[in-house]
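# Remarks on the overall topology
Okay, here's what each chain looks like letter by letter:
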Number of protein chains: 2
Amino acid sequence: MNEKARVDYVEKVGVFFEQNGYPPVAGRLIGYLMTSNEKGRTFYEIHQFVNASKSSVSNALNKLVEKGLVKYLTISGDRKRYFFLDLKPWIGQTKERAEFFSSFASLVGHCVSIRDDQDSEFARDLKKLEAFHKYLAEEMPKIIDKWEKMHS
Amino acid sequence: MNEKARVDYVEKVGVFFEQNGYPPVAGRLIGYLMTSNEKGRTFYEIHQFVNASKSSVSNALNKLVEKGLVKYLTISGDRKRYFFLDLKPWIGQTKERAEFFSSFASLVGHCVSIRDDQDSEFARDLKKLEAFHKYLAEEMPKIIDKWEKMHS
DNA sequence: ATATTAGTTCGTTTAAAACCGAACCAAATA
DNA sequence: TATTTGGTTCGGTTTTAAACGAACTAATAT
């Protein structure tokens, strides 16, 4: 992999994750680890590459470790930790995100329940919206399960 | 609907939307309109209820109108606009959000393509991740279409 | 013409997120 | 014991988002 390609790519990943609610350095950090391998990168390498302060790297890294997206391996007699992405949880994470649909469904359902009108067009649309999200909350895990079965 | 229930509910919606990336007043505004009907609420009513400045309301409201989530009707000989939620786009919006999967898939695909190793475990995991998101990008619209067919 | 009213625009304040550097800790080394 | 190294913690600064208020526009009403 040529270095220019890596730098460009990491920046791309940074933007993508930034748009999806991650802080910029976390996004770049992920990008950098994506272009690396399972042997991992040291704190210093990351710090240098993403060009951020040690504290920023430390914080971003720890948050990602907490979330389970980043893991590290150690080598006895070597103080360094070798950080790498754990790609497995990404799939489960998506399944969890499907619970958004179910909580939105109950939010809408709650709304319907406190309304006086149950038969106005608006109330009907609310019920439909609730039903739609309930449906998604059911279907999403199903298709994910289906995929998991196909790839195991 | 009793007023306490409405106030509480609006706050709940506010929190939900805030957690999903909306500014607080926008969330409350949505909540207020959810507890209203298709006849709409005036700017002044919204302004009073969400207890925010006119400018905040104006900005939040206009953004939601741009996104198509809020519409308004007018009455000739009446300067006021009557704002209400349009619940129809919510469904389509979800379909659009499914495109997240496809763009993430290509981001990962791009990563695979610039890597030197194509057969390491990590590279294989990347490919799997890409495949998974491609799969979702295909399946999501399908299940949404299925629902749309069932409810039309 | 004057006054209201519905809503917008603009410049400022407030508050929160992101980041930084310096001081620090703890393990390993010399 | 003194030094280096890998990483954390803390306080402060910068940046960005959110909200505000006051001044403004444009339409209606008096």
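Before reading further, recall that the structure is shown in the block above.
Residues numbered from 1 in each chain as written. Chains lettered and ligands numbered in written order. Predicted model: local features only at pLDDT ≥ 70, side-chain atom pairs only at ≥ 80, totals over all residues.

We now examine the relation of the copies chain A and chain B. For the match of chain A to chain B, the screw axis carries a shift of 0.0 Å, the RMSD comes to 0.0 Å, and the turn is 180°. Look at the turn and shift together and you get a two-fold axis relating the two. Interface overlap between copies is the fraction of interface residues in one copy that are interface residues in the other; for chain A against chain B it reaches 100%, indicating a shared surface. (Least-squares fit on C-alpha atoms with pLDDT ≥ 70 in both. Contact = placed C-beta atoms within 7 Å.)

Our next topic: the interface of chain A and chain B. Between chain A and chain B, the contact holds 34 residues from the first and 34 residues from the second. Within the residue set of the side of chain A that touches chain B, elements represented by two or more residues are α1 (3-19), α5 (89-97), α6 (99-114) and α7 (121-150) of chain A. Ranked by the residues each element gives to the side of chain A that touches chain B, the list is headed by α7 of chain A, at 11 residues. (Helix = DSSP H or I, 4+ residues; strand = E, 2+ residues; numbered from the N terminus.)

Looking now at the protein's contact with DNA strand C. Lining the immediate surroundings of DNA strand C are 22 residues, of which P24 and S55 of chain A together with F43, S55 and R81 of chain B lie closest. Elements supplying a minimum of two residues to the surface near DNA strand C: α2 (24-34) and α4 (54-67) of chain A together with α3 (43-50), α4 (54-67) and β2 (78-85) of chain B. Looking at which element gives the most residues to the surface near DNA strand C, the answer is α4 of chain B, with 6 residues. Taken together, the residues of the surface near DNA strand C sort by class into 7 nonpolar, 9 polar and 6 charged. (Near = placed C-beta within 6 Å. Nonpolar A, V, L, I, M, F, W, Y, C, P; charged D, E, K, R; others polar.)

Close contacts around DNA strand D come from 22 residues, with F43, S55 and R81 of chain A together with P24 and S55 of chain B the closest. Here the surface near DNA strand D gets 6 residues from one element, more than from any other, and that element is α4 of chain A. Within the surface near DNA strand D, the residues separate by chemical class into 7 nonpolar, 9 polar and 6 charged.

Glancing now at the environment of H110 of chain A. Position of H110 of chain A relative to the elements: it lies in helix α6. Spatially, the C-alpha atom of H110 of chain A lies 9.5 Å from that of E130 of chain A, the residues being 20 residues apart in sequence.

Residue and element names in this part refer to chain B. Where strand β1 (residues 70-75) lies against β2, 6 bridges are found, and the strand directions are antiparallel. Within β2, the residue paired with L73 across the bridge is Y82. Taken together, β1 and the strand that follows it, β2, pair antiparallel across an intervening segment of 2 residues, in which G77 is found at a positive phi of about 80°. (Pairing = 2+ DSSP bridges.)

With that out of the way, let us pick up the environment of D117 of chain A. Here D117 of chain A lies in the loop between α6 and α7. With residues near it in sequence (within four places) discarded, D117 of chain A still touches A123 of chain A together with N37 of chain B.

Unusually for a residue other than glycine, N51 of chain A sits at a positive phi of about 60°. With respect to the helices and strands, the residue N51 of chain A is situated in the loop between α3 (43-50) and α4.

Looking now at α3 of chain A. Residue and element names in this part refer to chain A. Three or more residues of α3 are buried, namely I46, F49 and V50. On an axial view of α3, the arc spanned by its buried residues comes to 85°, and they lie on one face. Considering only its buried residues, α3 is in contact with α2, α4 and β2 (78-85). (Buried ≥ 20, exposed ≤ 12 C-beta atoms within 10 Å, placed from the backbone. Arc of directions from axis to C-beta.)

Geometry only, nothing functional implied.
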